[in-house]
Amino acid sequence: MMKKTTFGAALAFLFAAAGALTAAALYLHHREKELDEYERLLFSDEYDDFDDEDDTDAEDTTTYEKIPDAPNTEE
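Since the structure is predicted, the reported quantities are computational estimates derived from the model, not experimental observations. (Residues numbered from 1 in each chain as written. Predicted model: local features only at pLDDT ≥ 70, side-chain atom pairs only at ≥ 80, totals over all residues. Heavy atoms only, no water.)

J.: So what's going on with the overall build of the protein? Residues and values would help.
T.: Each helix and strand in the protein was counted, giving one helix and zero strands. In the protein, which comprises 75 residues, the proportion classed as buried is 1%. Total accessible area on the protein stands at roughly 8,000 Å², and carbon and sulfur atoms take up 59% of it. (Helix = DSSP H or I, 4+ residues; strand = E, 2+ residues; numbered from the N terminus. Buried < 20%, exposed > 50% of the residue type's maximum accessible area, 1.4 Å probe, protein only. Areas by Shrake-Rupley, 256 points an atom, 1.4 Å probe, with all protein chains shown as cover.)

J.: Explain the pattern of salt bridges to me, using residue names and the numbers behind them.
T.: Within the structure shown, the criterion is met by one salt bridge. Across the salt bridge formed by E34 and R31, the nearest N and O atoms sit 3.3 Å from each other. Note that E34 and R31 are positioned in helix α1 (residues 4–42) at a spacing of three residues, about one turn of the helix. Judged by relative accessible area, E34 falls into the partly exposed class, the value being 37%. (Salt bridge = Lys/Arg side-chain N within 4 Å of Asp/Glu carboxyl O.)

J.: Can you explain a nonpolar patch on the surface? Please cite residues and give values.
T.: A cluster of nonpolar residues, M2, F7, L11, F13, L14 and F15, forms a patch on the protein surface that exposes about 710 Å² of accessible area. Within the secondary structure, L11 sits in helix α1. (Patch = residues over 30% accessible without salt bridge, like charges linked within 9 Å, V, L, I, M, F, W, Y side chains within 5 Å.)

Laid out in structure tokens, this is it:
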């Protein structure tokens, strides 16, 4: 037969181990949700408006300015 103190110590150890495993599982679950949200934001189409290189219908609104061939020497 086991002593009561030995049984209590073994029971406390089992509860501590179960608590540690539960805390680790909750942390990993929370971290996985954060990573899923980050991945969703990273690969979402919400910010594709800034990528217009592939768009053939995009209108070119660039304004070009003539640069003189010789520097201005008038003083």
